[in-house]
Amino acid sequence: MPVQKVNDSSDLDAKVPSHLQRTSITSLTTTSEPLHRCVKARVVHKGPVISCAQKDGIEMLRAEIKEEDPLQRSAEHASINVIFFGTLAKDFSQSARQGDVVLLADFTIKKSPSFLRDKLHPCQLEMDGKDACVYAKYTYVPLNNLKPKTVVNVYGVVTFFKQPFPSKGSDYCSTLKITDQTDVKVGCNIFSNKLEDHPVMFRVGDIIRLHRFKTDFFRDSMSLLNTYGWSTVTFDGTIDSPVVPRTPSKSFHFGESDIRMVQELRQWAANQSWISNDFTVSLSSVQPGMYFDLTCQLLAKAVMDSRCILLKVWDGTKCHHPLLNVAVASDALEGESTVAKDRMNLIANVLVYDNHLEVARDLKPGTFLRFYNLHTLLQRAPDQLPDQPEHLSFHLHGGTSYGRGLRSLPAESPALQSLKSVLEKHVDLDEYDEVNDGTLLEIWYTPPEAVDAEADTGPSYTVRTCEHNTRQLTLARVKHSTPPLSCHVRARVKKYKPQQLYQCLKLFCSNCKSMKDVPNDSAVAKVFRESAKDSQPCDEQWAATSSASSREPGRTISMHISRDMVGESTHTQLIFVEGTTLDEICVLSQDYKNLVPVRSVSGRMTLMDLTAPFLFSGDKRYYGCKQCSRNTFQNPVFSGVETWDEQTVAKALGVHLMQYRLLIQFELEDQTDTLEALLWENTERFFHVSAADASGSQDLQDKIQTIMDTIQPPDSSLAERPWLDLCLSVYTIKDNDRNKVCYQITNTEVKEE
């Protein structure tokens, strides 16, 4: 049975089945009858999930719990070890955390093998069986008590939020900031590939509950990130409104303690000055140049072009400025005719751009909406005379800056009651909608943002290092040029891939020209496990052998050193390691240089599958090409080598060393066109970072990420991104017997500060 979570102690006690009898930890003995008994205690330590050799590799977790009863706090043996096995171990690792109160039932009592060492209870509890069950109480951490690298549950009042937007990977991201009675503000990022999984937030002041979020420092501030098993629930922040949870979860727990928490946060937030900063205004209050939120109803919509959708909305109030009428042909308009309302200055024609199109396409006429950070501008229609007044236009620009976005509101939302009241009292205008098609075609207004013609100005973030002198070409001209060609361009990065930058690190074989992704740790760890399982005792005569204890009882790690190198420093030796796990060899590589993982076959050492690194050296791992390696391990030559590095090790072992490379594909855009260009052979000069060094250095990986965040700042529009002066190489390759034109960035580097 998986771990079940409840919200307070009363709920936890109520979960105890009637046939179970509560017992104290201090009264447990090896002769106690555990059947129909349960214990309640607080988690004071929780270890990692590991593989148990005594139980055929089944996963296990060790935790320490302490009696919660105040009368037992100073009693001897009030703390006891608990061993969880199988799926219960994994679920406890993800669901429970240090400080949680848990209730354990249907356990087995065994003698503790660590009693003399840890001085805890002489017994230990084992949770292993289909009837074993755990109930854990949720504990909520005040925002001023958050510690980095922990998984927590928190409540907070939303002070800022963005609707879900596409991240650099395949997920959508929600960004928000929350606070509580401690007055500490904490940022939060939520990633999920399903839009419906993201929290449902309507306005600043909403209350949110976050379960199983990991804490960390980001730009010197504490932040939260969703982790395994995460969930969110949101509530309206208005005092005296019903405490109704809004959640995408199909099953969640919500009790009296949640109601109390929401009400306390509402009372506190109502007295804060920032909570009154409601940017929602009606059309009757709109002024030119404003950025504001608008709650309204969608009447009709039309697709203008690939980057723009028109939404015709109203809120029942009349704007005091003449509104720009973006009329379209009747067969292009989805929804009701709005001509009469347009004439009465009741319709806001909102032009929606770029990343908001996905939401806008799914909207149905009649839906209630809320726009966030909507912008008003004074503009002239194409047929207006110069002496006529400008009209007010509405734009939802691309990007998510300042929470920019839109979302539909449920018809039963309390925030819509006043809007519905205004709309219901409004005069029915349908009788005035009789109009001929000529009226609908009187204006076809194409917004200037749809064909951005921004001037080619502004400083460049990069510098060209080529020696050839050629004039700068537009991207459209480049695409119509005949390869081969080297040219200069000036463009911005529209997007790049892979969005997860660790995926841009590749392994390249200079011999067969093959390229592959760097294997992830799970694939490498599998090779180590299979090699250790199939390995046999080694009787090699050319190696001196020593053994080191493994972290798993009953297993040893063999370290073989060539007799040619016995007596040398561990920093110059070539050491062959047998029977280790990936985690263990990573620890060993911090103390020993040049570790080669091996396995034994018929009493002789041989290399492991080259899916795994053939060499570990500090933080760096080196891989060999399966296709080009000869594997001369059976007749190695170790003498006469003064310095062991990846090149000499690979040569001695007959391994063809693969090189680390960085590969990024940019989609560039200027005023004329877009094209995709690879950053490949010039990558190290471009970033001023070696790919091999970046493979083992988090600091260098962060440097690359910082550069990419400058080239394409998160949540930025194209106009906000820096210009890049680039040297492009245009060439052709064979693709299925056809010539394909490709573009590569060369002779370019980021300006050093």
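Description of the structure in this document. (Residues numbered from 1 in each chain as written. Predicted model: local features only at pLDDT ≥ 70, side-chain atom pairs only at ≥ 80, totals over all residues. Heavy atoms only, no water.)

### Quick look at the pattern of salt bridges
Taken as a whole and assessed by the stated rule, the structure comprises 16 salt bridges. Asp258 is the partner of Arg209 in a salt bridge, and the nearest nitrogen-oxygen pair spans 2.8 Å. Of this pair, Arg209 sits in strand E14 (residues 207–218) while Asp258 sits in helix H4 (residues 256–270); the two residues are 49 residues apart in sequence, bridging distant segments of the chain. Considered together, Arg209 and Asp258 belong to a single accessibility category, that of buried residues. Linking Lys506 and Asp517 is a salt bridge whose minimum nitrogen-to-oxygen distance equals 2.5 Å. (Salt bridge = Lys/Arg side-chain N within 4 Å of Asp/Glu carboxyl O. Helix = DSSP H or I, 4+ residues; strand = E, 2+ residues; numbered from the N terminus. Buried < 20%, exposed > 50% of the residue type's maximum accessible area, 1.4 Å probe, protein only.)

### Considerations on H4
Between its first and last C-alpha atoms H4 spans 21 Å; for 15 residues at 1.5 Å apiece the expected length is 21 Å, and the two agree. In the core, the buried residues of H4 are packed alongside strand E11 (151–166), strand E12 (172–179), E14 and strand E15 (221–235). (Expected span 1.5 Å × (residues − 1). Contact = heavy atoms within 4.5 Å.)

### Notes on the sheet that holds strand E36 (residues 674–679)
Within the closed barrel, the five strands sit side by side as E24-E35-E36-E38-E37. Their pairing is mixed. For this sheet the average axis-to-axis angle between neighbouring strands, irrespective of direction, equals 55 degrees. In this structure, strand E24 (residues 485–497) lies alongside strand E37 (residues 724–735), joined through seven bridges in antiparallel fashion. Along E37, the bridge assignment pairs His488 with Cys727. In the packing of helix H15 (residues 698–711) onto the sheet, the strands contacted are E24, strand E35 (664–669) and E37, and the crossing angle to E24 comes to about 95 degrees. (Pairing = 2+ DSSP bridges. Axes fitted to C-alpha atoms, helices over the stretch in contact; angles between N-to-C directions.)

### As for unusual backbone geometry
A cis amide bond links Lys497 to the next residue, Pro498, at an omega of 5 degrees. You will see that Asp354, though not glycine, has its phi angle at about 50 degrees, which is positive. Taking the relative accessible area as the measure of exposure, Asp354 reaches 31% and is therefore partly exposed. In this structure, Asn373 takes a positive phi of about 60 degrees despite not being glycine. Relative to the elements of secondary structure, Asn373 occurs in strand E20 (residues 368–379). Under the relative-accessibility criterion, Asn373 is labelled buried at 8%.

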